[in-house]
Amino acid sequence: MSDQAEVRQIWRTADAVCFDVDSTVITEEGLDELANYCGVGDRVAQLTKEAMGNGMSFREALTLRLDLFKPSLQIVQKFVQEHPPQLTPGVKEVISLLQKRGTAVYLVSGGFFRIIEPIAQLVGVPVENIFANKLLFNEHGEYEMFDKDQPTSASGGKARVVQLLKDTHGYKRVVVIGDGLTDAEACPPAEAFIGFGGNVRRQSVQDKAKWFVTSFTELAEPLQS
């Protein structure tokens, strides 16, 4: 059996699937869009590029970017109201197919719970199946920091979430799908990683993926047979 055939077989029989959100379930990057909304998109994008180039940890880069514009609770709420999620075509159907087969579906993201919650509602994923970062505000609704107790707030966080799910629920066949290296790094402990390049194609991710797809149609097909 080829590597891709092996991953396709695990995909068809998975008991849990963890989807990345930014540039996978949705077509954009939530933090970048929030920064654009706050008028600092270019500065945050530049900082992101520098952080990635300098080998900065995920948590350090997140701290730097958020400290640049400190989004208030009111701003985040307005952003969510005025900026409906742009779902990647076909993702809702794939999640529905998985759930009909009895597969548990999770959203695991380095993005923010308040932005991801409406996305989960759109695609039919229970709120308790979201693993994401949480913004913390003071009593006046001003940004203070993000919750560093969330596993996704640090490098290697997605792998920790997968292990937590396996330990808690006894899953034996977990698949992670995403566009980034943080997703690829969650396998192991996941049994399979599927690289997604439908919105952003990263060569480094394609190189690590035994199965790399550019549309959710490719993922739906094996579930319908």
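Residues numbered from 1 in each chain as written. Predicted model: local features only at pLDDT ≥ 70, side-chain atom pairs only at ≥ 80, totals over all residues. Heavy atoms only, no water.

The protein is annotated in an unreviewed UniProt entry as Phosphoserine phosphatase of Branchiostoma lanceolatum. Quoted verbatim from the Sequence similarities (unreviewed entry) heading of the UniProt record, the comment on the protein is "Belongs to the HAD-like hydrolase superfamily. SerB family." Check the Pathway (unreviewed entry) section of the UniProt entry for the protein; it says "Amino-acid biosynthesis; L-serine biosynthesis; L-serine from 3-phospho-D-glycerate: step 3/3." (UniProt positions renumbered as here; feature names shortened; annotations may be inferred.)

Asks: Now, about the environment of L98: what can you tell me, with residues and values included?
Replies: As for its position among the elements, L98 is in helix α7 (residues 91–100). A relative accessible area of 0% places L98 in the buried class. Remark: the alpha-carbon pair of L98 and V17, spanning 81 residues in sequence, is separated by 8.3 Å. In this view, L98 contacts W11, V17, F19, T103, V105 and L223; residues no more than four positions away in its chain are not counted. (Helix = DSSP H or I, 4+ residues; strand = E, 2+ residues; numbered from the N terminus. Buried < 20%, exposed > 50% of the residue type's maximum accessible area, 1.4 Å probe, protein only. Contact = heavy atoms within 4.5 Å.)

Asks: Would you mind going over the side chain of N129 in detail, with residue names and values included?
Replies: Considering the arrangement of structural elements, one finds N129 in the loop between α8 (113–123) and β3 (130–133). Side-chain polar atoms of N129 contact the backbone oxygen of V105, separated by 2.9 Å. Once you skip the residues sitting within four places of it in the chain, N129 turns out to touch V105, Y106 and L107. (Polar contact = N/O pair within 3.5 Å; in protein donor to acceptor, adjacent residues only side chain to side chain.)

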